[in-house]
Amino acid sequence: MVKPIERVVAALTYKDPDRVPAAPLVCGASRRVYGVTYDVWSRDPVIAAKSLIAAQELIGFDGFLTLVDLSVEPAAFGQKVLYPVESTALSAAFKGDMLIKSVDDYDKLEYVDPKKADRMRDVIKICEILVQAKGKEVPTLGFVYGPAGTLSMMRTLEKLSLDLVKNKSAVLKGLKIVNDVLFDYAKAQCETGVPGVVLDVLYASKMIWSRKTYDEFEGQLCSKIADEIRKHNALVVLHNCGHGPFFDTMISWYKPAAISFHYVPDDCKDYADTKEKYGKKTVLIGQADNPKVIYPGTPEEVMNHCAEQIKVYGPGSGFILATGCEFPPNASLLNARAMIEAAEKYGKYPMA
Amino acid sequence: MHQGRIEEKFKKNNVIYNRKQMSQEEILAELAKAVIDGDVDKAKYLAHKVLELKIDPYKAIMDGCAAGMRIVGEKYQNGEMFIPELLYSAEAMYAATDVLSPHIKAEKIPYSGKVVIGVVEGDIHDIGKNILVTLLKASGFEVVDLGRDVPTKDFVQKAKDEKAEIIAMSTLMTTTAPGMKKVIDVLYEEGIRDKVKTIIGGAAVSKEFAKAIGADAYGEEVVDGVEMVKNLMSSIKRGG
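A short tour of the structure in this document, coming up. (Residues numbered from 1 in each chain as written. Chains lettered and ligands numbered in written order. Predicted model: local features only at pLDDT ≥ 70, side-chain atom pairs only at ≥ 80, totals over all residues. Heavy atoms only, no water.)

1. Quick word on helix H2 (residues 24-37) of chain B
Residue and element names in this part refer to chain B.
Piece 1. An ideal rise of 1.5 Å per residue puts 20 Å on 14 residues; H2 measures up with 20 Å between its terminal C-alpha atoms.
Piece 2. Looking at H2, one finds that the buried residues are Ile27, Leu28, Glu30, Leu31, Ala32, Ala34 and Val35.
Piece 3. Where H2 ends, the next residue or the one after it, glycine 38, has phi of about 65 degrees, a positive value. (Helix = DSSP H or I, 4+ residues; strand = E, 2+ residues; numbered from the N terminus. Expected span 1.5 Å × (residues − 1). Buried < 20%, exposed > 50% of the residue type's maximum accessible area, 1.4 Å probe, protein only.)

2. Side note on the sheet that holds strand S10 (residues 319-323) of chain A
All names here are of chain A.
Piece 1. Strand order in the open sheet formed by eight strands is S1-S10-S9-S8-S7-S6-S5-S2, and the pairing between neighbours is parallel. Pairing within the sheet leaves two strands with one partner each, and these edge strands are strand S1 (22-23) and strand S2 (64-65).
Piece 2. Strand direction decides the pairing type here: strand S8 (residues 258-261) and strand S9 (residues 283-288), joined by three bridges, are parallel. Residue pairing for S9: isoleucine 259 is matched across the bridge by leucine 284. (Pairing = 2+ DSSP bridges.)

3. Some remarks on the interface of chain A and chain B
Piece 1. With 31 residues of chain A at the contact, the number on the chain B side is 32 residues.
Piece 2. Of all residues in chain A, the largest losses of buried area upon contact with chain B belong to Phe94, Glu158 and Met207 of chain A, amounting jointly to 22% of the total for that side.
Piece 3. Remark: the boundary between chain A and chain B carries one salt bridge.
Piece 4. Close ionic contact of lysine 95 of chain A with aspartate 149 of chain B constitutes a salt bridge, the shortest N to O distance being 2.9 Å.
Piece 5. Inspection of the region where chain A meets chain B yields twelve residue pairs in polar contact (both at pLDDT 80 or more).
Piece 6. For the side of chain A that touches chain B, the leading source of residues is helix H8 (residues 157-166) of chain A, giving seven residues. (Contact = heavy atoms within 4.5 Å. Buried area = accessible area lost by both parts, 1.4 Å probe. Salt bridge = Lys/Arg side-chain N within 4 Å of Asp/Glu carboxyl O. Polar contact = N/O pair within 3.5 Å; in protein donor to acceptor, adjacent residues only side chain to side chain.)

Below, the structure is given as C-alpha coordinates:
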(Lines give C-alpha, C1' and ligand atoms only; values in the text may rest on other atoms or scores of the structure.)
Protein backbone atom coordinates (compact mmCIF):
# COMPACT_ATOMS: atom_id res chain seq x y z
CA MET A 1 0.00 0.00 0.00
CA VAL A 2 1.35 3.43 -0.98
CA LYS A 3 2.13 5.66 1.98
CA PRO A 4 1.07 9.33 1.94
CA ILE A 5 4.73 10.41 2.02
CA GLU A 6 5.51 8.35 -1.11
CA ARG A 7 2.48 9.78 -2.87
CA VAL A 8 3.44 13.36 -2.01
CA VAL A 9 7.10 12.87 -2.98
CA ALA A 10 6.00 11.50 -6.36
CA ALA A 11 3.75 14.52 -6.96
CA LEU A 12 6.52 16.93 -5.93
CA THR A 13 8.95 15.30 -8.39
CA TYR A 14 6.45 15.20 -11.27
CA LYS A 15 6.25 11.40 -11.20
CA ASP A 16 2.92 9.62 -11.29
CA PRO A 17 1.80 8.61 -7.80
CA ASP A 18 -0.96 5.98 -7.40
CA ARG A 19 -3.40 8.89 -7.22
CA VAL A 20 -3.47 12.63 -6.70
CA PRO A 21 -2.41 13.35 -3.10
CA ALA A 22 -5.12 15.08 -1.07
CA ALA A 23 -4.39 17.49 1.79
CA PRO A 24 -7.44 19.45 2.95
CA LEU A 25 -5.21 21.50 5.32
CA VAL A 26 -7.13 20.35 8.36
CA CYS A 27 -5.64 22.36 11.24
CA GLY A 28 -8.01 23.97 13.76
CA ALA A 29 -10.80 21.62 12.64
CA SER A 30 -8.81 18.71 14.12
CA ARG A 31 -9.81 19.87 17.60
CA ARG A 32 -13.28 18.50 16.92
CA VAL A 33 -11.91 15.04 16.25
CA TYR A 34 -10.02 15.05 19.53
CA GLY A 35 -12.87 16.75 21.40
CA VAL A 36 -11.36 19.96 22.73
CA THR A 37 -12.32 23.60 22.40
CA TYR A 38 -10.43 25.94 20.08
CA ASP A 39 -8.79 27.94 22.87
CA VAL A 40 -7.35 24.76 24.36
CA TRP A 41 -6.21 23.45 20.97
CA SER A 42 -4.48 26.77 20.21
CA ARG A 43 -2.47 26.82 23.42
CA ASP A 44 -1.50 23.22 24.12
CA PRO A 45 1.00 21.78 21.62
CA VAL A 46 0.58 18.20 22.82
CA ILE A 47 -3.20 18.36 22.43
CA ALA A 48 -2.83 20.09 19.05
CA ALA A 49 -0.46 17.39 17.80
CA LYS A 50 -2.67 14.57 19.11
CA SER A 51 -5.69 16.23 17.48
CA LEU A 52 -3.90 16.45 14.13
CA ILE A 53 -2.88 12.79 14.34
CA ALA A 54 -6.41 11.72 15.26
CA ALA A 55 -7.83 13.76 12.36
CA GLN A 56 -5.34 12.26 9.90
CA GLU A 57 -6.20 8.74 11.03
CA LEU A 58 -9.91 9.43 10.72
CA ILE A 59 -9.93 11.38 7.47
CA GLY A 60 -6.91 9.85 5.74
CA PHE A 61 -5.29 13.02 4.40
CA ASP A 62 -1.80 12.96 2.91
CA GLY A 63 0.04 15.64 4.87
CA PHE A 64 0.12 17.66 8.08
CA LEU A 65 0.37 21.43 8.19
CA THR A 66 1.42 23.03 11.48
CA LEU A 67 -0.54 26.24 11.03
CA VAL A 68 -2.11 27.12 14.38
CA ASP A 69 -3.11 30.71 13.56
CA LEU A 70 -1.52 33.89 12.27
CA SER A 71 -0.89 35.38 15.69
CA VAL A 72 1.75 32.81 16.67
CA GLU A 73 4.56 34.92 15.21
CA PRO A 74 3.48 38.33 16.60
CA ALA A 75 2.87 36.77 20.03
CA ALA A 76 6.59 35.97 20.21
CA PHE A 77 7.32 39.71 20.17
CA GLY A 78 4.79 40.40 22.91
CA GLN A 79 1.65 41.15 20.88
CA LYS A 80 -1.46 40.41 22.92
CA VAL A 81 -3.58 37.60 21.49
CA LEU A 82 -7.28 36.87 22.02
CA TYR A 83 -8.39 33.25 22.39
CA PRO A 84 -12.12 32.82 21.71
CA VAL A 85 -13.45 29.52 23.05
CA GLU A 86 -14.68 28.34 19.66
CA SER A 87 -12.89 30.41 17.06
CA THR A 88 -9.40 31.04 15.71
CA ALA A 89 -7.09 33.00 17.99
CA LEU A 90 -6.67 36.64 16.91
CA SER A 91 -4.14 39.39 17.35
CA ALA A 92 -5.60 42.07 19.62
CA ALA A 93 -4.02 44.68 17.33
CA PHE A 94 -7.20 44.61 15.25
CA LYS A 95 -9.13 45.62 18.33
CA GLY A 96 -6.88 48.61 18.91
CA ASP A 97 -4.42 46.92 21.25
CA MET A 98 -1.35 47.17 19.00
CA LEU A 99 2.15 46.32 20.14
CA ILE A 100 3.41 48.94 17.67
CA LYS A 101 1.30 51.90 18.68
CA SER A 102 3.34 54.57 16.90
CA VAL A 103 6.06 54.81 14.28
CA ASP A 104 8.66 55.06 17.05
CA ASP A 105 7.68 51.62 18.32
CA TYR A 106 9.13 49.83 15.26
CA ASP A 107 12.49 50.66 16.77
CA LYS A 108 11.55 49.00 20.06
CA LEU A 109 11.12 45.52 18.58
CA GLU A 110 13.74 43.18 19.94
CA TYR A 111 15.14 39.85 18.84
CA VAL A 112 13.58 36.86 20.61
CA ASP A 113 14.71 33.26 20.54
CA PRO A 114 11.93 31.25 18.81
CA LYS A 115 12.75 28.17 20.88
CA LYS A 116 11.90 30.11 24.02
CA ALA A 117 9.28 32.52 22.69
CA ASP A 118 5.60 32.20 23.57
CA ARG A 119 3.66 30.22 20.97
CA MET A 120 6.59 29.73 18.55
CA ARG A 121 8.06 27.10 20.87
CA ASP A 122 4.64 25.38 20.83
CA VAL A 123 4.62 25.10 17.05
CA ILE A 124 8.19 23.75 17.11
CA LYS A 125 6.95 21.18 19.62
CA ILE A 126 4.03 20.22 17.36
CA CYS A 127 6.48 19.68 14.49
CA GLU A 128 8.63 17.46 16.73
CA ILE A 129 5.71 15.31 17.89
CA LEU A 130 4.31 14.84 14.38
CA VAL A 131 7.68 13.97 12.88
CA GLN A 132 8.38 11.46 15.64
CA ALA A 133 4.94 9.90 15.56
CA LYS A 134 4.21 9.87 11.84
CA GLY A 135 7.33 11.06 10.02
CA LYS A 136 7.90 7.82 8.11
CA GLU A 137 4.38 7.73 6.72
CA VAL A 138 2.85 11.20 6.56
CA PRO A 139 4.83 14.35 5.68
CA THR A 140 4.64 17.30 8.05
CA LEU A 141 5.10 20.83 6.77
CA GLY A 142 6.14 23.57 9.18
CA PHE A 143 4.58 27.01 8.86
CA VAL A 144 5.95 30.54 9.09
CA TYR A 145 3.96 33.73 8.46
CA GLY A 146 6.11 36.13 6.43
CA PRO A 147 7.66 39.25 7.99
CA ALA A 148 5.20 41.72 6.46
CA GLY A 149 2.20 39.71 7.64
CA THR A 150 3.73 39.26 11.07
CA LEU A 151 4.46 42.96 11.42
CA SER A 152 0.94 43.88 10.33
CA MET A 153 -0.42 41.71 13.15
CA MET A 154 1.32 44.07 15.57
CA ARG A 155 0.40 47.31 13.77
CA THR A 156 -2.59 46.45 11.47
CA LEU A 157 -2.33 46.29 7.69
CA GLU A 158 -3.80 49.78 7.31
CA LYS A 159 -1.27 51.52 9.53
CA LEU A 160 1.64 49.47 8.20
CA SER A 161 0.64 50.35 4.62
CA LEU A 162 0.51 54.05 5.48
CA ASP A 163 3.79 53.90 7.40
CA LEU A 164 5.73 52.29 4.61
CA VAL A 165 5.12 55.32 2.40
CA LYS A 166 5.98 58.04 4.92
CA ASN A 167 8.20 56.21 7.39
CA LYS A 168 10.00 53.74 5.21
CA SER A 169 13.19 53.40 7.23
CA ALA A 170 11.30 52.75 10.48
CA VAL A 171 9.23 50.02 8.81
CA LEU A 172 12.29 48.43 7.22
CA LYS A 173 14.06 48.41 10.56
CA GLY A 174 11.09 46.65 12.18
CA LEU A 175 10.88 44.16 9.33
CA LYS A 176 14.57 43.33 9.63
CA ILE A 177 14.21 42.32 13.31
CA VAL A 178 11.06 40.34 12.58
CA ASN A 179 12.76 38.59 9.68
CA ASP A 180 15.77 37.67 11.84
CA VAL A 181 13.45 35.96 14.31
CA LEU A 182 11.45 34.23 11.57
CA PHE A 183 14.71 33.03 10.03
CA ASP A 184 15.62 31.24 13.26
CA TYR A 185 12.04 30.06 13.68
CA ALA A 186 12.09 28.38 10.26
CA LYS A 187 15.52 26.93 11.08
CA ALA A 188 14.21 25.50 14.38
CA GLN A 189 11.28 23.90 12.53
CA CYS A 190 13.69 22.36 10.02
CA GLU A 191 15.78 20.95 12.88
CA THR A 192 12.79 18.91 14.02
CA GLY A 193 13.07 16.94 10.79
CA VAL A 194 10.10 18.31 8.89
CA PRO A 195 10.61 17.72 5.15
CA GLY A 196 9.40 21.22 4.28
CA VAL A 197 8.25 24.57 5.61
CA VAL A 198 5.39 26.67 4.29
CA LEU A 199 6.10 30.39 4.02
CA ASP A 200 2.92 32.45 4.00
CA VAL A 201 3.54 35.37 1.64
CA LEU A 202 0.02 36.77 1.48
CA TYR A 203 1.11 40.29 0.64
CA ALA A 204 2.35 39.26 -2.79
CA SER A 205 -1.14 39.65 -4.19
CA LYS A 206 -2.89 42.30 -6.21
CA MET A 207 -5.39 43.23 -3.50
CA ILE A 208 -2.64 44.20 -1.05
CA TRP A 209 0.66 45.57 -2.28
CA SER A 210 2.18 46.27 -5.69
CA ARG A 211 5.03 44.08 -6.92
CA LYS A 212 7.45 46.94 -6.31
CA THR A 213 6.29 47.42 -2.71
CA TYR A 214 6.33 43.68 -2.14
CA ASP A 215 9.88 43.35 -3.48
CA GLU A 216 11.14 46.13 -1.27
CA PHE A 217 9.33 45.31 1.96
CA GLU A 218 9.17 41.51 1.98
CA GLY A 219 10.72 39.72 -1.00
CA GLN A 220 14.32 40.70 -0.45
CA LEU A 221 14.20 39.93 3.28
CA CYS A 222 12.06 36.84 3.33
CA SER A 223 13.97 35.14 0.51
CA LYS A 224 16.76 34.63 3.06
CA ILE A 225 14.40 32.43 5.06
CA ALA A 226 13.74 30.35 1.93
CA ASP A 227 17.49 29.93 1.41
CA GLU A 228 17.89 28.77 5.00
CA ILE A 229 15.10 26.21 4.64
CA ARG A 230 16.83 24.80 1.56
CA LYS A 231 20.13 24.61 3.44
CA HIS A 232 18.44 22.08 5.72
CA ASN A 233 17.42 20.02 2.68
CA ALA A 234 13.83 20.90 3.35
CA LEU A 235 11.36 22.06 0.73
CA VAL A 236 10.23 25.64 0.42
CA VAL A 237 6.48 25.71 -0.06
CA LEU A 238 4.67 29.02 -0.43
CA HIS A 239 1.13 29.80 0.62
CA ASN A 240 -0.87 32.75 -0.66
CA CYS A 241 -4.64 32.81 -0.36
CA GLY A 242 -5.00 36.42 -1.52
CA HIS A 243 -6.74 37.57 -4.70
CA GLY A 244 -4.49 37.52 -7.77
CA PRO A 245 -1.26 36.21 -6.24
CA PHE A 246 1.94 37.30 -8.02
CA PHE A 247 3.25 33.85 -8.95
CA ASP A 248 6.04 35.33 -11.08
CA THR A 249 7.30 37.47 -8.19
CA MET A 250 6.96 34.62 -5.70
CA ILE A 251 8.87 32.19 -7.92
CA SER A 252 11.56 34.72 -8.62
CA TRP A 253 12.25 35.46 -4.93
CA TYR A 254 11.74 32.06 -3.36
CA LYS A 255 12.23 29.39 -6.03
CA PRO A 256 9.57 27.30 -4.28
CA ALA A 257 9.10 23.56 -4.74
CA ALA A 258 5.35 24.19 -4.58
CA ILE A 259 2.78 26.94 -4.17
CA SER A 260 -0.45 26.55 -2.22
CA PHE A 261 -3.06 29.03 -3.42
CA HIS A 262 -6.76 29.89 -3.47
CA TYR A 263 -7.31 32.33 -6.37
CA VAL A 264 -5.75 32.08 -9.81
CA PRO A 265 -2.55 34.14 -10.25
CA ASP A 266 -3.00 37.74 -11.39
CA ASP A 267 -1.59 36.93 -14.83
CA CYS A 268 -3.81 33.87 -15.45
CA LYS A 269 -7.45 33.74 -16.40
CA ASP A 270 -8.51 30.35 -15.05
CA TYR A 271 -7.38 26.92 -13.75
CA ALA A 272 -6.26 25.72 -17.20
CA ASP A 273 -4.24 28.85 -17.84
CA THR A 274 -2.59 28.49 -14.41
CA LYS A 275 -1.63 24.88 -15.16
CA GLU A 276 -0.30 25.87 -18.57
CA LYS A 277 1.69 28.88 -17.36
CA TYR A 278 3.00 27.65 -14.01
CA GLY A 279 2.42 23.88 -13.80
CA LYS A 280 5.96 23.05 -14.92
CA LYS A 281 7.64 25.81 -12.92
CA THR A 282 6.32 24.79 -9.52
CA VAL A 283 4.08 22.11 -8.06
CA LEU A 284 0.54 23.44 -7.61
CA ILE A 285 -1.30 22.87 -4.33
CA GLY A 286 -4.94 23.82 -4.25
CA GLN A 287 -7.44 25.04 -5.14
CA ALA A 288 -10.61 23.76 -3.52
CA ASP A 289 -12.76 26.75 -2.72
CA ASN A 290 -13.56 27.12 0.99
CA PRO A 291 -16.18 29.90 0.90
CA LYS A 292 -17.96 28.60 -2.20
CA VAL A 293 -17.95 24.85 -1.69
CA ILE A 294 -16.02 23.40 1.24
CA TYR A 295 -17.80 25.44 3.92
CA PRO A 296 -21.38 25.66 2.63
CA GLY A 297 -21.43 22.58 0.36
CA THR A 298 -22.41 18.93 0.72
CA PRO A 299 -19.87 16.08 0.37
CA GLU A 300 -21.28 15.37 -3.09
CA GLU A 301 -20.74 19.00 -4.15
CA VAL A 302 -17.22 18.86 -2.74
CA MET A 303 -16.46 15.72 -4.76
CA ASN A 304 -17.75 17.30 -7.98
CA HIS A 305 -15.74 20.46 -7.34
CA CYS A 306 -12.56 18.45 -6.69
CA ALA A 307 -13.18 16.31 -9.77
CA GLU A 308 -13.10 19.47 -11.91
CA GLN A 309 -9.78 20.51 -10.41
CA ILE A 310 -8.21 17.08 -10.76
CA LYS A 311 -9.25 17.03 -14.41
CA VAL A 312 -7.35 20.25 -15.10
CA TYR A 313 -4.40 20.05 -12.72
CA GLY A 314 -3.88 16.27 -12.41
CA PRO A 315 -2.40 15.30 -15.80
CA GLY A 316 1.41 15.31 -15.79
CA SER A 317 1.49 15.11 -11.97
CA GLY A 318 2.95 18.05 -10.02
CA PHE A 319 -0.37 18.58 -8.24
CA ILE A 320 -1.67 18.14 -4.71
CA LEU A 321 -5.38 18.56 -4.16
CA ALA A 322 -5.90 20.89 -1.19
CA THR A 323 -8.14 23.60 0.13
CA GLY A 324 -7.10 27.12 -0.94
CA CYS A 325 -6.57 28.02 2.69
CA GLU A 326 -6.93 26.22 6.02
CA PHE A 327 -9.91 23.85 6.05
CA PRO A 328 -12.72 25.93 7.60
CA PRO A 329 -12.46 25.13 11.32
CA ASN A 330 -16.24 24.72 11.67
CA ALA A 331 -17.04 23.07 8.32
CA SER A 332 -18.34 19.51 8.17
CA LEU A 333 -15.46 17.05 8.50
CA LEU A 334 -17.30 14.91 5.97
CA ASN A 335 -16.24 17.50 3.40
CA ALA A 336 -12.57 16.89 4.25
CA ARG A 337 -13.18 13.18 3.78
CA ALA A 338 -14.97 13.92 0.49
CA MET A 339 -11.78 15.50 -0.83
CA ILE A 340 -9.87 12.27 -0.17
CA GLU A 341 -12.65 10.25 -1.81
CA ALA A 342 -12.56 12.55 -4.84
CA ALA A 343 -8.80 11.95 -5.16
CA GLU A 344 -9.39 8.18 -4.88
CA LYS A 345 -12.23 8.16 -7.39
CA TYR A 346 -11.11 10.73 -9.99
CA GLY A 347 -7.38 11.11 -9.37
CA LYS A 348 -5.90 7.72 -10.30
CA TYR A 349 -2.71 7.64 -12.37
CA PRO A 350 -1.89 7.13 -15.17
CA MET A 351 -4.12 9.98 -16.22
CA ALA A 352 -4.96 11.12 -19.71
CA MET B 1 2.12 67.86 9.87
CA HIS B 2 3.91 70.88 11.25
CA GLN B 3 1.84 74.08 10.89
CA GLY B 4 4.74 75.94 9.25
CA ARG B 5 5.06 73.27 6.56
CA ILE B 6 1.35 73.37 5.84
CA GLU B 7 1.46 77.13 5.38
CA GLU B 8 4.48 76.79 3.13
CA LYS B 9 2.62 74.26 0.97
CA PHE B 10 -0.46 76.50 0.87
CA LYS B 11 1.65 79.41 -0.34
CA LYS B 12 3.27 77.23 -3.00
CA ASN B 13 -0.12 75.97 -4.20
CA ASN B 14 -1.48 79.52 -4.17
CA VAL B 15 1.28 80.70 -6.44
CA ILE B 16 0.60 77.87 -8.87
CA TYR B 17 -3.18 78.16 -8.96
CA ASN B 18 -3.42 81.96 -8.86
CA ARG B 19 -1.09 82.09 -11.84
CA LYS B 20 -3.30 79.65 -13.71
CA GLN B 21 -6.66 81.41 -13.13
CA MET B 22 -8.43 78.06 -13.23
CA SER B 23 -12.04 77.52 -14.19
CA GLN B 24 -14.48 75.69 -11.92
CA GLU B 25 -14.12 72.55 -14.03
CA GLU B 26 -10.35 72.72 -13.81
CA ILE B 27 -10.44 73.14 -10.03
CA LEU B 28 -12.72 70.11 -9.66
CA ALA B 29 -10.57 68.07 -12.03
CA GLU B 30 -7.51 69.02 -9.98
CA LEU B 31 -9.36 68.06 -6.81
CA ALA B 32 -10.17 64.65 -8.29
CA LYS B 33 -6.52 64.28 -9.29
CA ALA B 34 -5.36 65.20 -5.78
CA VAL B 35 -7.58 62.44 -4.41
CA ILE B 36 -6.26 59.93 -6.97
CA ASP B 37 -2.68 60.93 -6.15
CA GLY B 38 -3.36 60.72 -2.42
CA ASP B 39 -2.10 64.28 -2.03
CA VAL B 40 -3.70 65.34 1.26
CA ASP B 41 -2.27 68.88 1.33
CA LYS B 42 -3.29 69.64 -2.23
CA ALA B 43 -6.79 68.24 -1.68
CA LYS B 44 -7.22 70.40 1.42
CA TYR B 45 -5.88 73.46 -0.40
CA LEU B 46 -8.23 72.95 -3.34
CA ALA B 47 -11.19 72.51 -0.99
CA HIS B 48 -10.42 75.94 0.49
CA LYS B 49 -10.07 77.29 -3.03
CA VAL B 50 -13.53 75.92 -3.84
CA LEU B 51 -14.98 77.88 -0.93
CA GLU B 52 -13.02 81.01 -1.83
CA LEU B 53 -14.30 80.94 -5.42
CA LYS B 54 -17.84 80.24 -4.17
CA ILE B 55 -18.09 76.99 -6.11
CA ASP B 56 -20.96 74.82 -4.85
CA PRO B 57 -19.29 72.63 -2.14
CA TYR B 58 -21.67 69.74 -2.78
CA LYS B 59 -20.73 69.76 -6.46
CA ALA B 60 -17.06 69.85 -5.43
CA ILE B 61 -17.51 66.78 -3.25
CA MET B 62 -19.38 64.81 -5.91
CA ASP B 63 -17.49 65.94 -9.05
CA GLY B 64 -14.10 66.34 -7.39
CA CYS B 65 -13.57 64.11 -4.34
CA ALA B 66 -16.05 61.35 -5.13
CA ALA B 67 -15.19 61.29 -8.82
CA GLY B 68 -11.53 60.84 -7.92
CA MET B 69 -12.31 58.12 -5.39
CA ARG B 70 -14.41 56.20 -7.92
CA ILE B 71 -11.42 56.11 -10.25
CA VAL B 72 -9.29 54.91 -7.33
CA GLY B 73 -11.81 52.10 -6.75
CA GLU B 74 -11.61 51.06 -10.39
CA LYS B 75 -7.83 51.14 -10.40
CA TYR B 76 -7.74 49.05 -7.21
CA GLN B 77 -10.08 46.51 -8.78
CA ASN B 78 -7.90 46.35 -11.90
CA GLY B 79 -4.66 45.89 -9.97
CA GLU B 80 -3.33 49.34 -10.92
CA MET B 81 -3.54 50.70 -7.37
CA PHE B 82 -2.97 48.90 -4.09
CA ILE B 83 -3.81 49.29 -0.42
CA PRO B 84 -1.19 51.94 0.50
CA GLU B 85 -2.16 54.18 -2.44
CA LEU B 86 -5.85 53.60 -1.79
CA LEU B 87 -5.51 54.56 1.88
CA TYR B 88 -3.75 57.81 1.02
CA SER B 89 -6.45 58.59 -1.54
CA ALA B 90 -9.05 58.05 1.16
CA GLU B 91 -7.14 60.42 3.47
CA ALA B 92 -7.05 63.06 0.73
CA MET B 93 -10.78 62.62 0.09
CA TYR B 94 -11.64 62.97 3.79
CA ALA B 95 -9.30 65.98 4.14
CA ALA B 96 -11.21 67.82 1.41
CA THR B 97 -14.70 66.72 2.48
CA ASP B 98 -13.96 67.81 6.07
CA VAL B 99 -13.37 71.32 4.73
CA LEU B 100 -16.36 71.32 2.37
CA SER B 101 -19.07 69.45 4.29
CA PRO B 102 -19.86 72.15 6.90
CA HIS B 103 -20.73 74.53 4.04
CA ILE B 104 -23.31 72.30 2.40
CA LYS B 105 -26.95 73.06 3.05
CA ALA B 106 -28.67 69.82 4.07
CA GLU B 107 -31.58 70.35 1.68
CA LYS B 108 -29.17 70.42 -1.25
CA ILE B 109 -28.09 66.82 -0.73
CA PRO B 110 -30.16 64.35 -2.72
CA TYR B 111 -30.92 61.19 -0.75
CA SER B 112 -29.28 58.12 -2.28
CA GLY B 113 -29.88 55.68 0.54
CA LYS B 114 -28.50 54.64 3.89
CA VAL B 115 -26.33 51.63 4.73
CA VAL B 116 -25.59 50.26 8.18
CA ILE B 117 -22.30 48.38 7.97
CA GLY B 118 -20.04 46.35 10.27
CA VAL B 119 -17.89 43.29 10.86
CA VAL B 120 -19.94 40.57 12.54
CA GLU B 121 -19.61 39.52 16.16
CA GLY B 122 -16.39 37.66 17.02
CA ASP B 123 -14.38 39.04 14.10
CA ILE B 124 -12.16 42.09 14.18
CA HIS B 125 -10.66 42.10 10.66
CA ASP B 126 -12.01 45.32 9.23
CA ILE B 127 -9.83 46.62 6.42
CA GLY B 128 -12.17 45.42 3.64
CA LYS B 129 -15.13 46.94 5.44
CA ASN B 130 -13.27 50.23 5.90
CA ILE B 131 -12.45 50.43 2.19
CA LEU B 132 -16.07 49.72 1.32
CA VAL B 133 -17.22 52.49 3.68
CA THR B 134 -15.00 54.97 1.83
CA LEU B 135 -16.18 53.84 -1.60
CA LEU B 136 -19.85 53.88 -0.57
CA LYS B 137 -19.50 57.43 0.73
CA ALA B 138 -17.78 58.36 -2.52
CA SER B 139 -20.80 56.97 -4.33
CA GLY B 140 -23.14 59.27 -2.42
CA PHE B 141 -24.58 56.88 0.16
CA GLU B 142 -25.05 57.70 3.81
CA VAL B 143 -23.06 55.15 5.79
CA VAL B 144 -23.45 54.25 9.46
CA ASP B 145 -20.27 52.39 10.36
CA LEU B 146 -20.69 50.17 13.43
CA GLY B 147 -17.06 49.04 13.34
CA ARG B 148 -15.95 45.49 14.13
CA ASP B 149 -17.10 42.71 16.43
CA VAL B 150 -20.66 44.06 16.18
CA PRO B 151 -23.32 42.23 18.22
CA THR B 152 -26.18 40.82 16.13
CA LYS B 153 -28.87 42.98 17.70
CA ASP B 154 -26.86 46.17 17.16
CA PHE B 155 -27.06 45.77 13.37
CA VAL B 156 -30.83 45.49 13.51
CA GLN B 157 -31.40 48.18 16.13
CA LYS B 158 -29.24 50.67 14.25
CA ALA B 159 -30.98 49.90 10.95
CA LYS B 160 -34.31 50.59 12.69
CA ASP B 161 -33.11 53.77 14.41
CA GLU B 162 -31.53 55.15 11.24
CA LYS B 163 -34.25 53.90 8.89
CA ALA B 164 -31.51 52.32 6.77
CA GLU B 165 -32.47 50.40 3.65
CA ILE B 166 -29.46 48.06 3.77
CA ILE B 167 -27.39 46.18 6.33
CA ALA B 168 -23.92 45.26 5.05
CA MET B 169 -21.90 42.65 6.96
CA SER B 170 -18.44 41.24 6.52
CA THR B 171 -16.22 38.56 8.02
CA LEU B 172 -12.93 36.89 7.24
CA MET B 173 -13.58 33.79 9.31
CA THR B 174 -16.01 30.93 8.78
CA THR B 175 -16.29 30.57 12.55
CA THR B 176 -18.00 33.95 12.72
CA ALA B 177 -19.90 33.73 9.42
CA PRO B 178 -23.01 32.18 11.08
CA GLY B 179 -23.45 35.58 12.78
CA MET B 180 -24.66 36.91 9.42
CA LYS B 181 -27.57 34.50 9.41
CA LYS B 182 -28.39 35.50 12.99
CA VAL B 183 -28.79 39.12 11.85
CA ILE B 184 -31.16 38.02 9.10
CA ASP B 185 -33.09 35.87 11.59
CA VAL B 186 -33.49 38.86 13.92
CA LEU B 187 -34.80 40.95 11.01
CA TYR B 188 -37.50 38.30 10.55
CA GLU B 189 -38.22 38.16 14.30
CA GLU B 190 -38.64 41.93 14.38
CA GLY B 191 -40.95 41.78 11.36
CA ILE B 192 -38.80 44.11 9.24
CA ARG B 193 -37.09 41.66 6.88
CA ASP B 194 -39.05 43.08 3.93
CA LYS B 195 -37.88 46.61 4.78
CA VAL B 196 -34.15 45.97 5.13
CA LYS B 197 -32.00 44.35 2.44
CA THR B 198 -28.83 42.53 3.42
CA ILE B 199 -25.50 42.23 1.67
CA ILE B 200 -22.53 40.16 2.81
CA GLY B 201 -18.85 40.06 1.91
CA GLY B 202 -15.43 38.95 3.15
CA ALA B 203 -13.03 36.12 2.45
CA ALA B 204 -14.99 33.52 4.39
CA VAL B 205 -18.25 33.81 2.47
CA SER B 206 -19.54 33.38 -1.05
CA LYS B 207 -22.55 33.75 -3.32
CA GLU B 208 -23.50 30.21 -2.38
CA PHE B 209 -23.30 31.00 1.35
CA ALA B 210 -25.31 34.19 0.82
CA LYS B 211 -28.03 32.16 -0.87
CA ALA B 212 -27.98 29.53 1.87
CA ILE B 213 -28.55 32.09 4.65
CA GLY B 214 -31.05 34.16 2.67
CA ALA B 215 -28.94 37.30 2.19
CA ASP B 216 -30.01 39.54 -0.69
CA ALA B 217 -26.58 40.05 -2.22
CA TYR B 218 -22.92 39.12 -2.02
CA GLY B 219 -19.86 41.15 -3.05
CA GLU B 220 -16.83 39.03 -3.90
CA GLU B 221 -14.48 41.99 -3.92
CA VAL B 222 -14.81 45.40 -2.28
CA VAL B 223 -15.74 47.20 -5.50
CA ASP B 224 -18.44 44.57 -6.18
CA GLY B 225 -19.93 45.63 -2.85
CA VAL B 226 -20.52 49.14 -4.17
CA GLU B 227 -22.26 47.80 -7.28
CA MET B 228 -24.39 45.44 -5.21
CA VAL B 229 -25.48 48.27 -2.90
CA LYS B 230 -26.38 50.38 -5.94
CA ASN B 231 -28.39 47.49 -7.41
CA LEU B 232 -30.20 46.86 -4.14
CA MET B 233 -31.04 50.56 -3.71
CA SER B 234 -32.39 50.65 -7.27
CA SER B 235 -34.53 47.60 -6.63
CA ILE B 236 -35.85 49.21 -3.42
CA LYS B 237 -36.76 52.36 -5.35
CA ARG B 238 -38.53 50.21 -7.93
CA GLY B 239 -40.44 48.64 -5.06
CA GLY B 240 -38.53 45.34 -5.22
